[in-house]
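# Results of the structural survey
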Amino acid sequence: MEVRLPDGDARSRCAELVLPHLNSAYNLARWLSRNDADAEDIVQDALERALKYASGLQGTNAKAWFLTIVRHTCYDWIGRNRPAELVPGDGTDAIEAAADPRPTPEETVIADADAQALLRAIAALPVGFREVLLLREQEDMSYRDIARVIDIPIGTVMSRLARARGLLRRSPLLHSVLPQSMRTVGK
Amino acid sequence: MNCNEAAPLLPTYGDGELDPMQSAEVEKHLLTCAECAARRDEQVALSARIKRDVPYFAAPPSLRSRIDAVLAGTRGTLRSRPVWDRWRWLGAGALAGSMATVLAWLMGSAVLEWRDGTDLAAEAVADHVRATLSNHLTDVATSDRHTVKPWLSARLDYSPPVQDLSGEGFALTGARVDYLEKRAVATLVYRYREHVVDVFVRPAAEGTARSRSPVSTVRGFNVVRASGAGMDWLAVSDTSADALTAFVARLARGDAAP
Ligand SMILES: [Zn+2]
């Protein structure tokens, strides 16, 4: 197998380094945008940006570098399409507001009500908490790499992670596995 | 360490990000405090639920063809085929994550200075990469440890302990024989979530104490070593260092562990 790369070609080298992380990129974009088609747009856009700034890819951590760009692209997209989600705050109120009452496509294929509730609770987390939680739990990223991707201090990674987990534990979505209407049936 | 000191450290401890000294202190406290142990269990359970129940969205084929098109625009800069084709052969499926890391390793090693050291960790990672790339992870593919153990014993001058830890997320998928420091060594192959974990097992070097597992990173792979149950254990994977450390410690405790 050919592994030697053309010398001095930052773009193709960049593509070789970031493409292995395409699944991570799509997963992040999908969770931040909560929409399949938009996530595809975001990742394509991010790849084009990455190729453009290929010379910025230094060192070994292509994944953190690419996810940083994907995340920036996501935030640009959210800013254009759902600016309300970027309102700063501790997220306690937003968790209800952000919850879309309609089942998402993935929910309809998950039979387990508990799993659905968890999925909805995470989707309802404010975006700043959702991203930290998923980078940690799904990508198994270290605090240091998460701090790099989000461009915040490690201490902030820790406090957001704690907040995200706390919000999840207390999420009304997690505890009301049965909808209110079903629980009151027959009264 | 008391509850007031231990409680705020629990999340960091659970994420494997506490330094070894503090980690040991927290562990000591957990042994004697049911309340903190319950908090720890709750956090472990939440992480496990997220890993199990929350979907991971892999890039769909439609995105992959769009990426092809983007890269076609850069084809003039690529010497041969589009980048995509070079790793498409690896295919999708459970191994894709590991394969991708293997390729990142290879690509990285071509680009960056890579000293071909004689270091044990580097050698183990090289074995891992070779097996993954050649699509030949196991010589004997079975989750039955009663098949794996005699198979290895017949090919080596020792008989390594073999455990299937599916219950803890590490499913035995088989074994192969590799060479480390010019000696044949047993390699147990596990699957942990979407990651492949290779565990090299050989008789403990004379006088090796039961040590805390040192962790190193070689080209993006975590390498964790431990000694126990009469063996030296060395695990290589692209999964997180904390998961790997816990796993190796568990293996090194042996069968008789509680
Ligand atoms: Zn306590």
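Preceding this paragraph is the structure being described.
In what follows, the accompanying structure is described. (Residues numbered from 1 in each chain as written. Chains lettered and ligands numbered in written order. Predicted model: local features only at pLDDT ≥ 70, side-chain atom pairs only at ≥ 80, totals over all residues. Heavy atoms only, no water.)

### Things to note about the nonpolar core
Ranked by size, the top nonpolar core spans 65 residues in total, and within it I122 and L168 of chain A carry the most contacts. Broken down by element, this core gets its largest block of residues, 11 residues, from helix α4 (residues 62-81) of chain A. Shared between two domains, this core holds at least three residues of each, these being domain 1 (9-84) and domain 2 (89-183) of chain A. Ignoring anything within four residues of it in the chain, the contact list for I122 of chain A reads W31, R130, L133, L134 and L168 of chain A together with I50 and V54 of chain B. In this structure, L120, V162, Y190 and A226 of chain B belong to the second largest nonpolar core, which totals 42 residues. (Core = buried A, V, L, I, M, F, W, Y, C linked by side-chain atoms within 4.5 Å. Buried < 20%, exposed > 50% of the residue type's maximum accessible area, 1.4 Å probe, protein only. Helix = DSSP H or I, 4+ residues; strand = E, 2+ residues; numbered from the N terminus. Domains from an automatic or database assignment. Contact = heavy atoms within 4.5 Å.)

### Examining helix α9 (residues 143-150) of chain A
Residues and elements named next belong to chain A. Most of α9 is tucked away: six of the eight residues are buried. All buried positions along α9 are accounted for by Y143, D145, I146, A147, V149 and I150. Once α9 finishes, D151 follows within two positions and takes phi at roughly 60°, a positive value.

### Details of the sheet that holds strand β2 (residues 183-192) of chain B
Residues and elements named next belong to chain B. Ordered by their spatial adjacency, six strands build an open sheet running β1-β2-β3-β6-β5-β4, and the pairing between neighbours is antiparallel. Strands at the two margins of the open sheet, each flanked by one partner only, are β1 (170-180) and β4 (215-218). Between one strand and the next, the sheet's axes are offset by a mean angle of 25°, whatever the strand orientation. As judged from the seven bridges shared by strand β5 (residues 221-228) and strand β6 (residues 231-237), these two strands associate in the antiparallel manner. Residue pairing for β6: R225 is matched across the bridge by L234. (Pairing = 2+ DSSP bridges. Axes fitted to C-alpha atoms, helices over the stretch in contact; angles between N-to-C directions.)

### Structural notes on empty space enclosed by the protein
All names here are of chain A. Overall, the coordinates contain one cavity of 30 Å³ or more when judged by the stated rule. Taken as a whole, the largest cavity holds about 40 Å³ of empty space. Those elements giving two or more residues to the lining of the largest cavity turn out to be α2 (22-33) and α8 (127-137). Counting residues per element, the lining of the largest cavity draws most heavily on α2, at four residues. In terms of residue class, the lining of the largest cavity is built from four nonpolar, two polar and one charged. (1 Å grid on protein atoms, 1.4 Å probe; cavity = no way out; pocket = protein on both sides within 12 Å on 5 of 7 lines; lining within 4 Å. Points joined across faces, edges and corners; volume = space filled by probe spheres on them. Nonpolar A, V, L, I, M, F, W, Y, C, P; charged D, E, K, R; others polar.)

### Things to note about the pattern of salt bridges
According to the stated counting rule, one finds 24 salt bridges over all chains in the structure shown. The shortest N-O distance in the salt bridge between K51 of chain B and E137 of chain A comes to 3.0 Å. Of this pair, K51 of chain B sits in helix α4 (residues 34-53) while E137 of chain A sits in helix α8, which puts the two residues in different chains. Judged by its relative accessible area of 27%, K51 of chain B is partly exposed. Assessed through its relative accessible area of 1%, E137 of chain A is described here as buried. The residue D41 of chain B makes a salt bridge to R40 of chain B at a minimum N-O spacing of 2.9 Å. On the accessibility criterion, R40 of chain B (25% relative accessible area) is partly exposed. Because the salt bridges share partners, they merge into one network encompassing R136, E137, D140 and R165 of chain A together with D15, K51, R193 and D242 of chain B. (Salt bridge = Lys/Arg side-chain N within 4 Å of Asp/Glu carboxyl O.)

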